[in-house]
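Understanding the architecture of this molecule
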Amino acid sequence: MKLSVQNWESIPDSDGMGMLNVFSEEGDAEFPLLIRTFDIPEDAAPENAELDIDVILYPESLRIFRDEEEYRQKSGSHRAAESVIPSGCFPPRPDPNFVKSNTALINGRILSLEDSDQEGIFKYMEMECLGLVLDVIVEDHLAGTFRDAQPGNIVCGRFFIEGYGA
């Protein structure tokens, strides 16, 4: 994914893990994200630089709707069927104890689903949101949610966002 680097929230530690503030540069809309990074050195992502890395989403929670009409009727949400709220970047209300995290509330459409043969991973999913194609790894604890899922369904969830260097 092509990203515009804003700054390091936390520079990479000795294990190569850091936290990076970025803006998405692909798709139909720009939005901020906070990404947990792996194997991306500090000097590879200076402020205002363009960065092209592998970004993978890991859902913490998910809901699936057959289509946009079912989403509007049953979700109880006023957000669009394709939307991003970078919830880990800011508190929902003033809170001096808020700790930033690599999370976002994302709604999108399933483009493809693929069964996984890796232990602990149930499915690989490609999801479209605001013109972006996002890679999602669905772990076993969410397998029941995906029992009847198929391309075209609306997916809503809270996702952990991770970026991996080459």
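Structure first, text after, so check above.
The residue numbers shown here count from 1 along each chain, following its written sequence. For this predicted model, a pLDDT threshold of at least 70 governs which residues receive local features, and a threshold of 80 or more governs which side-chain atom pairs are given and counted, while totals over whole chains, interfaces and linings are taken from all residues. Where side-chain values are given, they derive from all heavy atoms of the structure, hydrogens and water being excluded.

**A few points about the packing of aromatic side chains**
Within 6.5 Å between ring centres, the rings of Phe, Tyr and Trp (the latter by its six-membered ring) count as paired, and their orientation is classed by plane angle as stacked under 30 degrees, edge-to-face over 60, tilted in between. Summed over the entire model, instances satisfying the criterion amount to 2 aromatic pairs. Taking 5.0 Å as the distance between ring centres and 10° as the angle between the ring planes, the aromatic pair formed by Phe 38 and Tyr 164 counts as stacked. Of the two residues, Phe 38 sits in strand β3 (residues 32-38) while Tyr 164 sits in strand β10 (residues 154-164), which places them 126 residues apart along the sequence. With a centroid separation of 5.5 Å and an interplanar angle of 75°, the aromatic rings of Phe 65 and Tyr 71 are classed as edge-to-face. Only runs of H or I of at least four residues qualify as helices and only runs of E of at least two qualify as strands under DSSP, and these elements are numbered from the N terminus.

**Structural notes on the pattern of salt bridges**
Side chains bearing opposite charge may pair, as long as their charged atoms lie close to each other. Each salt bridge in this description consists of a side-chain nitrogen of Lys or Arg and a carboxyl oxygen of Asp or Glu lying within 4 Å of one another. All told, the structure shown has 8 salt bridges when counted by the stated rule. We note a salt bridge from Arg 158 to Glu 60, for which the minimum N-O separation is 2.2 Å. Of this pair, Arg 158 sits in strand β10 while Glu 60 sits in strand β5 (residues 54-65), placing them 98 residues apart in sequence. A 1.4 Å probe rolled over the protein chains alone gives each residue an accessible area, and that area as a share of the maximum for its type sets the label: buried under 20%, exposed over 50%, partly exposed in between. With a relative accessible area of 26%, Arg 158 lands in the partly exposed category. Among the residues examined, Glu 60 registers a relative accessible area of 35% and is labelled partly exposed. Ionic pairing is found between Glu 68 and Arg 72, a salt bridge with its closest N-O pair at 3.6 Å. Of this pair, Glu 68 and Arg 72 both sit in helix α1 (residues 68-74), separated by 4 residues, roughly a single helical turn. Its relative accessible area of 31% is what places Glu 68 among the partly exposed residues. What makes Arg 72 exposed here is its relative accessible area of 56%.

**Quick notes on the pairing of strand β2 (residues 17-24)**
Of all 8 residues in β2, 6 are buried; the element is thus mostly enclosed. Here strand β1 (residues 2-10) runs beside β2; their pairing, made up of 6 bridges, is antiparallel. If you follow Asn 7 over to β2, its bridge partner there is Asn 21. Both β2 and β3 contribute to a ladder of 7 bridges, which runs antiparallel. By definition, two strands form a pair when at least two bridges between them are found by DSSP.

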